[in-house]
Amino acid sequence: MNFIGSIFRFFILPLLVLWLIAFTIYNPALVAINLWPLPYEIAAPQSVLVILLLAVGFIAGCLRNCAKLLNLRAENASQKRQLDKLEKEIIPKV
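Below: a short report on this structure.

Cut-offs used in this document
- Residues numbered from 1 in each chain as written.
- Predicted model: local features only at pLDDT ≥ 70, side-chain atom pairs only at ≥ 80, totals over all residues.
- Heavy atoms only, no water.
- Helix = DSSP H or I, 4+ residues; strand = E, 2+ residues; numbered from the N terminus.
- Rg over C-alpha atoms; globule rule 2.2 N^0.38 Å.
- Buried < 20%, exposed > 50% of the residue type's maximum accessible area, 1.4 Å probe, protein only.
- Areas by Shrake-Rupley, 256 points an atom, 1.4 Å probe, with all protein chains shown as cover.
- Phe/Tyr/Trp six-rings, centres within 6.5 Å; stacked < 30°, edge-to-face > 60°.
- Contact = heavy atoms within 4.5 Å.
- Pairing = 2+ DSSP bridges.
- Polar contact = N/O pair within 3.5 Å; in protein donor to acceptor, adjacent residues only side chain to side chain.
- Expected span 1.5 Å × (residues − 1).
- Bend = angle between axes of the 7 residues up to and from the residue.

1. Some remarks on the overall build of the chain
For step 1, the next point in the chain: Tallying secondary structure elements over the chain gives two helices and two strands in all.
For step 2, the next point in the chain: Computed over its C-alpha atoms, the radius of gyration of the chain comes to 25 Å, more than 25% above the 12 Å expected for a compact globule of 94 residues.
For step 3, the next point in the chain: With respect to the principal axes defined by its C-alpha atoms, the chain has extents near 80 × 45 × 10 Å.
For step 4, the next point in the chain: Sorting the 94 residues of the chain into buried and exposed places 6% on the buried side.
For step 5, the next point in the chain: For the chain, the accessible area works out to roughly 8,700 Å², and carbon and sulfur atoms hold 71% of it.

Put into structure tokens, the structure is as follows:
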């Protein structure tokens, strides 16, 4: 385990959990969400909705980064093939 991982695991993660617990305790107000074209209305605690929206944003960011990483890997593979082709042209076989 590296140093940054241990700092995150033992210091930052417990503080984040304590912050989430305090946030849910201090924001118990119910918020009504009207799903406009549909005749449904959802009532949930404000803290749950905020945490849910943060989680959705985090997951969306992760998916965006994964897509970007896949694009970079494909570009890297393409450049590697091009490099191998150019090396074969420059370096004659013995």
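2. Observations concerning the packing of aromatic side chains
For step 1, the next point in the chain: Across all of its chains, the model carries one aromatic pair by this definition.
For step 2, the next point in the chain: Ring plane angle 20° and centroid distance 5.2 Å describe the contact between Trp19 and Phe23, whose orientation is recorded as stacked. Taken as a pair, Trp19 and Phe23 lie in helix H1 (residues 3–26) at a separation of four residues, close to a single helical turn.
For step 3, the next point in the chain: Judged by its relative accessible area of 18%, Phe23 falls in the buried class.

3. Details of the environment of Asn34
For step 1, the next point in the chain: You can see Asn34 is positioned in strand E1 (residues 30–35).
For step 2, the next point in the chain: The exposure class assigned to Asn34 is exposed, which follows from its relative accessible area of 52%.
For step 3, the next point in the chain: Contacts of Asn34, omitting those with residues within four sequence positions, involve Tyr40 and Glu41.

4. So, the pairing of strand E2 (residues 40–45)
Residues in a regular strand project their side chains so that they alternate between the two faces of the sheet.
For step 1, the next point in the chain: Across six bridges, the pairing between E1 and E2 is antiparallel. Opposite Asn34, over in E2, you have Glu41 as the bridge partner.
For step 2, the next point in the chain: Taking the residues between adjacent antiparallel strands as the criterion, E1 and E2 are bridged by four residues.

5. A short note on the side chain of Ser47
For step 1, the next point in the chain: Relative to the elements of secondary structure, Ser47 occurs in helix H2 (residues 46–90).
For step 2, the next point in the chain: Among the polar contacts listed, one links the side chain of Ser47 to the backbone oxygen of Asn27, at a separation of 3.4 Å.
For step 3, the next point in the chain: When sequence neighbours within four positions are dropped, the list of residues in contact with Ser47 reads Phe23, Thr24 and Asn27.

6. Describing H1
For step 1, the next point in the chain: When the terminal C-alpha atoms of H1 are compared, their 34 Å separation across 24 residues agrees well with the 34 Å that a helix rising 1.5 Å per residue should span.
For step 2, the next point in the chain: Remark: the principal bend of H1, roughly 35°, maps to Arg9.

Keep in mind these numbers describe shape, not what the thing actually does.
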